[in-house]
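Geometric and topological summary
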Amino acid sequence: SQQGEEDPQALSIQEGENATMNCSYKTSINNLQWYRQNSGRGLVHLILIRSNEREKHSGRLRVTLDTSKKSSSLLITASRAADTASYFCATDGGGGSNYKLTFGKGTLLTVNP
Amino acid sequence: ETGVTQSPTHLIKTRGQQVTLRCSSQSGHNTVSWYQQALGQGPQFIFQYYREEENGRGNFPPRFSGLQFPNYSSELNVNALELDDSALYLCASSPRGANSDTQYFGPGTRLTVL
């Protein structure tokens, strides 16, 4: 079953614009991660935010986490055509099931040159 | 590039056959997890191996089985293939044992069942 649900399912923007993707989840977590996938290939880890953190930055990426609302957002600033990919949030199971990641269905981001 | 490799890249099988997929983990990583990703969906956790033992399993039937070897490489075996097994199979390694910290994914094996 999918724990995380990304929103929107698809997003199309122009190069230079910012892209915001949201993720909601259902159970308690230890951490939440965002991954990127280019065209049916392997996933690339982007950023991890722990449950006691509210915001984290990495380069052009900014992630927020609101554990009270069980939601997270990923902001990509000054987007580039090379950012075109699917983006997934992934949560661990929290508690005793933190060995696995549960992914949402992803947001397909298209950045037009 | 994560250093995680998978073979083969693509595979075509017919219903009822058996398949073995292989994964070499990143150097120094002792944990391997396997995921199934159907078209248009996010990856779904199959199972994890830590120090050659199954450490946790998702909602997959027993015909999905695995192994981890002393060098931490791993195999995923699927028996009695069904059409719905067609998917991208991803393995991921991590350095910290039974912990869902950052996982490093391989490029995947695309399995098609006819």
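To be clear, the structure that these remarks concern was listed above.
Residues numbered from 1 in each chain as written. Chains lettered and ligands numbered in written order. Predicted model: local features only at pLDDT ≥ 70, side-chain atom pairs only at ≥ 80, totals over all residues. Heavy atoms only, no water.

Details of the environment of Gly 58 of chain B
All names here are of chain B. Its location among the elements puts Gly 58 in the loop between strand S6 (53–57) and strand S7 (64–68). Gly 58 sits in the buried class, given a relative accessible area of 16%. Note: C-alpha distance between Gly 58 and Ile 46 (twelve residues apart in sequence) is 4.8 Å. (Helix = DSSP H or I, 4+ residues; strand = E, 2+ residues; numbered from the N terminus. Buried < 20%, exposed > 50% of the residue type's maximum accessible area, 1.4 Å probe, protein only.)

Side note on the sheet that holds strand S1 (residues 5–7) of chain A
All names here are of chain A. Strand order in the open sheet formed by five strands is S1-S3-S8-S7-S6, and the pairing between neighbours is antiparallel. The open sheet has two edge strands with one neighbour each: S1 and strand S6 (55–58). Going across the sheet, the axis of each strand differs from the next one's by a mean of 20 degrees, ignoring polarity. (Pairing = 2+ DSSP bridges. Axes fitted to C-alpha atoms, helices over the stretch in contact; angles between N-to-C directions.)

Section: the side chain of Ser 73 of chain A
All names here are of chain A. Tracing the backbone shows Ser 73 in strand S8 (residues 71–76). At 2.6 Å, the side chain of Ser 73 and the side chain of Thr 64 are in polar contact. Filtering out sequence-adjacent residues up to four positions away, Ser 73 remains in contact with Met 21, Asn 22, Trp 34, Arg 62, Val 63 and Thr 64. (Polar contact = N/O pair within 3.5 Å; in protein donor to acceptor, adjacent residues only side chain to side chain. Contact = heavy atoms within 4.5 Å.)

Some details on the sheet that holds strand S3 (residues 19–24) of chain B
Residues and elements named next belong to chain B. The strand order across the open sheet formed by four strands is S1-S3-S8-S7, and the pairing between neighbours is antiparallel. Looking along the sheet, the strands with just one partner apiece sit at the ends: strand S1 (5–7) and S7. With strand direction ignored, the average angle separating the axes of adjacent strands in the sheet is 20 degrees. Where S7 meets strand S8 (residues 74–78), five bridges bridge the pair, whose relative direction is antiparallel. Residue Gln 68 lies in a different strand from S8, and its bridge partner there is Ser 74.

Here's the deal with the state of the cysteines
Residues and elements named next belong to chain B. Scanning all chains against the criterion turns up two disulfides over all chains. The disulfide bridge from Cys 23 ends at Cys 91, spanning 1.9 Å between sulfur atoms. Residues Cys 23 and Cys 91 are joined through a disulfide that is right-handed, its torsion about the S-S bond being 70 degrees. Highlighted residues: Cys 23 in strand S3 and Cys 91 in strand S9 (residues 87–94), separated in sequence by 68 residues. Each member of the pair, Cys 23 together with Cys 91, is buried. (Disulfide = S-S within 2.5 Å.)

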